[in-house]
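Notes for the structure review
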Amino acid sequence: ISVAYGDKKHFLLPDSSEIWLNAGTVVKYPKEFSKVQRLVHLDGEAYFSIRKNTSKPFIVETSQLSVKVLGTRFNVKAYPNDEKITTTLTSGKVEVSVRSQPPHILKPDEQLTYDKKSSDIHISVIDTNDTNCWMAGKLVFTNASAGEIFRTLERHYNTTIDNTAIIPASKRYTVKFLKDESLNEILNILKDIIGFDYQQ
């Protein structure tokens, strides 16, 4: 199942687990899960509400890490062109595995961030409402680079942002848009915060 830019989808998996897909996301799964595990492949961002089945763990595979659960609610963000992959746990327990590293167990309200370039892993306690608010159409950026913000806006508004501004990746921004602002309203606010001009 793939989701176009500017769109979102919500559906049930074969085991009646629920999944919400964010814009620009692709998820692959079998018509029926195997007898030993429930495996899905994710490129993009999805929120999962998984039916408990201790004999059949649920596994989300992304390009560089996998998330294993028994029954829980969690968010995975793993877009191919993003610098980081994040897993955020709302309730229950998940085990996050990165190749050639021991697995990490997350507790509710913890977020694991994996840096694709350096392979560094960072676990922090966060407000999961901020992570999951994309399901309600809200946009929250926490310690994000300008590039990450522009890529998210492209997906959310199904648009192309030709970014020629020289904004250092080391500069990080935290900003929340919670009122269904238009792209113009958001860019007008960001240009004052980040410091750029734009034209359509």
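The text that follows walks through the structure, step by step, so that each part is easy to find.

Rules and cut-offs
Residues numbered from 1 in each chain as written. Predicted model: local features only at pLDDT ≥ 70, side-chain atom pairs only at ≥ 80, totals over all residues. Heavy atoms only, no water. Helix = DSSP H or I, 4+ residues; strand = E, 2+ residues; numbered from the N terminus. Rg over C-alpha atoms; globule rule 2.2 N^0.38 Å. Buried < 20%, exposed > 50% of the residue type's maximum accessible area, 1.4 Å probe, protein only. Contact = heavy atoms within 4.5 Å. Areas by Shrake-Rupley, 256 points an atom, 1.4 Å probe, with all protein chains shown as cover. Lys, Arg positive; Asp, Glu negative; His and termini not counted. Charge placed at Lys NZ, Arg CZ, Asp CG, Glu CD. Phe/Tyr/Trp six-rings, centres within 6.5 Å; stacked < 30°, edge-to-face > 60°. Lys NZ or Arg CZ within 6 Å of the ring centre and 35° of its normal. Pairing = 2+ DSSP bridges.

Focus: the overall build of the protein chain
Of regular secondary structure, the protein chain possesses three helices and 14 strands. Rg of the C-alpha trace for the protein chain: 17 Å, near the compact-globule value of 16 Å for 200 residues, within the 12% margin. Along the first, second and third principal axes, the C-alpha atoms of the protein chain reach 55 × 30 × 25 Å. Counting every position in the protein chain, which comprises 200 residues, the buried fraction comes to 43%. Once local pairs closer than 6 in sequence are excluded, the contacts in the protein chain between residues at least 24 apart make up 43%. Accessible surface computed for the protein chain: about 10,800 Å², of which carbon and sulfur atoms make up 48%. Computed over 26 positive and 24 negative side-chain charges, the separation of the two mean positions in the protein chain equals 6 Å.

Points about the packing of aromatic side chains
Evaluation of the coordinates by the stated rule reveals seven aromatic pairs. When the ring of F33 is compared with that of F58, the centres are 6.2 Å apart and the planes differ by 75°; the resulting orientation is edge-to-face. Pair noted here: F33 is in the loop between β3 (26–28) and β4 (38–49) and F58 is in strand β5 (residues 58–61), with a separation of 25 residues, a long-range link. Given a relative accessible area of 11%, F33 falls into the buried group. Residue F58 is classed as buried on the basis of its relative accessible area, which comes to 0%. Following the ring pairs from residue to residue traces out a cluster consisting of F33, F48, F58 and F74. Positioned over the ring face of Y79 is R155, at 3.4 Å from the centre of the ring.

A look at the pairing of β5
In this structure, β4 lies alongside β5, joined through four bridges in parallel fashion. Bridging across to β5, L39 finds its partner in I59. The pairing of β5 with strand β6 (residues 65–69) spans four bridges and is antiparallel. Counted as the bridge partner of I59 is K68 from β6. In this structure, the hairpin formed by β5 and β6 is closed by a connection of three residues.

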